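# Working through the structure, step by step
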Amino acid sequence: MGEEHQIDLGNLTAFDPHHQFSSLPDNREDLVKECIAHGTKLIQAVADALFNLPSTEDASGPVVPLPPPSTKLPREKPLPKPKPPTKWELFAKKKGIQNKKRDKLVFDEQTGSWKRRYGYDRVNDDNDIPIIEAKMTDEPGVDPFAKRRSDKKERVNKQEKNRLYNLKEAAKVGALPSHVQLAATALPITGTQTAPRKVSKDELQNVAGMAATSTASGGKFDKKLAGEKPPKHEKKYRKFLPVVEGSGMGSLEKQQSDKILNKLMAKNSHEIFNVGKAVDMYNAKSDKKRRNQQGKSSSTSSKLKVKKSPYKNASKKKPTSKGKSK
Amino acid sequence: MLRIKTPKSLRAKRELEKRAPKLVERGKKTLILHGTKTSNTLNAVLTEIYHLKKDNAVKYSRRNDNIRPFESGGETSLEFYSLKTDCSLFVYGSHSKKRPDNLVIGRTYDHHIYDLVEIGVENFKSMSSCSYDKKLAPLIGSKPFFAFIGEGFENVEELKHLKEVLLDLFRGQVVSNLNLAGLDRVYVCTAVSSNKVLFTHCALRLKKSGTVVPRVELVEVGPSMDLVVRRHRLPDEGLKKEAHKVPHELIKKKEKNVSKDAIAGKIGKIYVPDQQVGSASLPFTPKGVKRERREAKAKGEDKKHAEKKQK
């Protein structure tokens, strides 16, 4: 059992790589005791090294400078990338301009007091100037106050543009400062300027359904994804009449042929009778009549008299029922 | 088209700066969560680990069904939580018939899974079951001692990995100055066989001894368990290299031309370049003694130099 402890002081760790458990004690408690005893020896070795370091006295106890840990453990985040120099920094370097530290307070000659260099109640505030003397270079029609204001705005905009440029350069390298994020406000302009419309769920379902039914089999054998609703009209758009069916009111063949014939007749006849409209007209007229209390002769058009349709009784019923409701 | 987004409050700004990558890193935070099913022992294990690392750990109490650390798609949730809580270590507990009392300890690099080690917990003994003098109880956040016993920790791949992960998990912040009064806990790990490690947490008692170094005594206080290594995933080689990179500024520069001598103390060598006293252009050329100059001009330059040296 050659015990050669490797000690990592930075981590306060002791390794014993040579220990072998030749025979494990059967009892768990004994095993634990043995482990603890062994551990004590190792920790004693670490403590020896630790307490022999030069210590300085502090209020709470002796403080010892620890060496850096020798076991290499991985970092949790990548190394920060160095910032590329900003436009101003490059210019200053080229010109040899040093950064001069300025005082926060500046002596104001006018009031004879110390004022801030910037902020509330500052020295040389642009807005406080009452009179601006005209120079020879000034154009006649230009308002100098407005000009100062617009100059300042320009300067501020230029500064913003430069700031954005500097941040973009930093973002290219991956060295954006941690509290700044660059967000795109609009999509880059392509050929046409229309933004892609957001398609809703219903629209998508409709389109999918249409695509399915446009196939030869009417979308019957298409594999459906989980969550897709069954098609609204499942089969093809064809309807065949039953082969055997009796005649009578509900017979489908008679209805089908009646429908076709009526349509044909209506096309060819010049009188097209709109039942609903006729009823409404009648009702309106009778209401008016009743309101005005005039014996207005119901100007029954020929249309009304010529009632060949089988709905004659129905139309008569309607106005009376309306009258009753009143 | 690009908008600069900065935090609206100073507090938010401070939080973002805390989470930004730095040259010298702060201590790693741990996320403790559990999966679909947990057993009683596993619950106890997770709470005890949380108590051991109370200062820098986050414990989630809800169960997470969609986390499967060893599968390729099952890590997205973990990475998201790691991003949200800024934790680079996680301890995920689950219990199933095939893997009872399972703990997966993992590390993340840049909020992506770096490596994983899956261990089973056996013979768990909790803090409450150990009886000890309450005055010895270790304080939260104290820097622990570690003892790794056993040749398995050097020879067996999985145990090496487990050693690294345990060290990372429990060591706390890396400090350059340590207060010796605040040392009170020890983690003892013994490699009992090629896949089993006995892990126990003890309190430290320093007793007076003759010398400056006190006598060390260990008292078992905390959780003790048998860890059986089941599976593990080592990190990518490239990723490992990147994670172990030390920034250029922190590498100690070797001081050149300085040596220590027992007698004289610190000795340094200064190299002086050849000064060429003769050919240097002087700012002040003595213009007196015109006659000598005239003579010198007539005789040649060398003679002139010789006269000047003699002066």
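Within each chain, residues carry numbers counting from 1 in the order of the written sequence. Here chains are named by letter from A upward and ligands by number from 1 upward, in the order in which they appear as written. Selection of residues for local features in this predicted model requires a pLDDT of at least 70, selection of side-chain atom pairs for listing and counting requires 80 or more, and totals for whole chains, interfaces and linings are taken over all residues. Side-chain metrics in this entry use all non-hydrogen atoms of the structure; hydrogen atoms and water are not considered.

An unreviewed UniProt entry lists chain B under the name Ribosome production factor 2 homolog, with Helianthus annuus as the source organism. One UniProt comment on chain B, placed under Sequence similarities (unreviewed entry), says "Belongs to the RPF2 family." UniProt positions are given in the numbering used here, feature names are shortened, and annotations may be inferred rather than shown by experiment. The Subcellular location (unreviewed entry) comment attached to chain B in UniProt states, word for word, "Nucleus, Nucleolus".

Looking at an unreviewed UniProt entry, one finds chain A named Ribosome biogenesis regulatory protein, with Helianthus annuus as its source organism. Taken directly from UniProt, the Sequence similarities (unreviewed entry) text for chain A runs: "Belongs to the RRS1 family." The UniProt entry for chain A carries this comment under Function (unreviewed entry): "Involved in ribosomal large subunit assembly."

## Overview of the overall build of chain B
Note on conventions: DSSP H or I runs of at least 4 residues are helices, E runs of at least 2 residues are strands, and numbering of each starts at the N terminus. The secondary structure content of chain B amounts to 8 helices and 13 strands. The contacts of chain B with a sequence gap of at least 6 include a subset with a gap of at least 24, amounting to 66%. For chain B, the computed accessible surface area is about 18,800 Å², with 51% contributed by carbon and sulfur atoms. Contacts were defined at the residue level, with two residues in contact if any of their heavy atoms lie within 4.5 Å. Accessible areas in this description were obtained via Shrake-Rupley with a 1.4 Å probe; residue shielding takes into account the shown protein chains only.

## Digging into the interface of chain B and chain A
Contacts between the two partners involve 76 residues from chain B, matched on the other side by 63 residues from chain A. Contact between chain B and chain A buries roughly 6,300 Å² in total, counting both sides, with carbon and sulfur atoms accounting for 65%. Note on definitions: buried area is the accessible-area loss of two parts on being combined, 1.4 Å probe, summed for both. The largest contributions to the chain B side of the interface with chain A come from L2, I4 and L180 of chain B, which together make up 11% of the buried area. Salt-bridge detection follows one rule: a side-chain nitrogen of Lys or Arg within 4 Å of a carboxyl oxygen of Asp or Glu. Applying the counting criterion to the chain B and chain A interface returns 2 salt bridges. One salt bridge connects D86 of chain B with K77 of chain A, and the closest N-O pair in it is separated by 2.8 Å.

## With respect to a positive patch on the surface
Within the patch definition used here, like charges are joined within 9 Å and nonpolar side chains (Val, Leu, Ile, Met, Phe, Trp, Tyr) within 5 Å, considering only residues with over 30% relative accessible area and no salt bridge. For the purpose of charge, His is not counted, nor are the chain termini; Lys and Arg are scored as positive and Asp and Glu as negative. A single reference atom marks each charge: NZ on Lys, CZ on Arg, CG on Asp, CD on Glu. A surface patch of like charges, here positive, comprises K239, K259, K263 and K267 of chain A. Note that K259 of chain A resides in helix α5 (residues 252-268).

## Some thoughts on the pattern of salt bridges
Residues and elements named next belong to chain B. According to the stated counting rule, one finds 24 salt bridges over all chains in the structure shown. One salt bridge in this structure joins E217 and K207, with 2.7 Å as the shortest N-O distance. Taken together, the residues E217 in strand β11 (residues 215-233) and K207 in strand β10 (residues 196-207) connect sequence positions 10 residues apart.

## Notes on a negative patch on the surface
Taken together, the side chains of D26, E29, D30 and E34 of chain A present a region of like negative charge at the surface. Position of D30 of chain A among the secondary structure elements: in helix α1 (residues 28-51).

## Here we look at the environment of I113 of chain B
Residues and elements named next belong to chain B. Topologically, I113 is positioned in strand β6 (residues 112-125). With relative accessibility at 11%, the residue I113 sits in the buried group. As for I113 and L89, which are separated by 24 residues in sequence, their C-alpha atoms are 9.5 Å apart. To sort residues, take the accessible area from a 1.4 Å probe on protein chains only and compare it with the maximum for the residue type: under 20% means buried, over 50% means exposed, and anything in between is partly exposed.

## Remarks on the packing of aromatic side chains
When the centres of two rings from Phe, Tyr and Trp lie within 6.5 Å, Trp using its six-membered ring, the rings pair. Their planes under 30 degrees apart give stacked, over 60 give edge-to-face, and anything left gives tilted. Tallied over the full model, the rule gives 12 aromatic pairs over all chains. Centroid distance F15 of chain A to F148 of chain B: 5.6 Å. Interplanar angle 15°. Geometry classified as stacked. Within this pair, whereas F15 of chain A is found in strand β2 (residues 13-16), its partner F148 of chain B is found in strand β7 (residues 145-149), the two belonging to separate chains. Taken as a pair, F15 of chain A and F148 of chain B share a single burial class, namely buried. Between the aromatic rings of F146 of chain B and Y187 of chain B, the centroid separation amounts to 5.5 Å while the plane-to-plane angle is 25°, which identifies the pairing as stacked. In this pair, F146 of chain B is assigned in strand β7 and Y187 of chain B in strand β9 (residues 185-191), connecting sequence segments 41 residues apart. For the pair formed by F146 of chain B and Y187 of chain B, the shared burial category is buried. Cluster of aromatic residues (ring-pair linked, three or more members): F15 of chain A together with F146, F148, F153, F170, Y187 and F199 of chain B.

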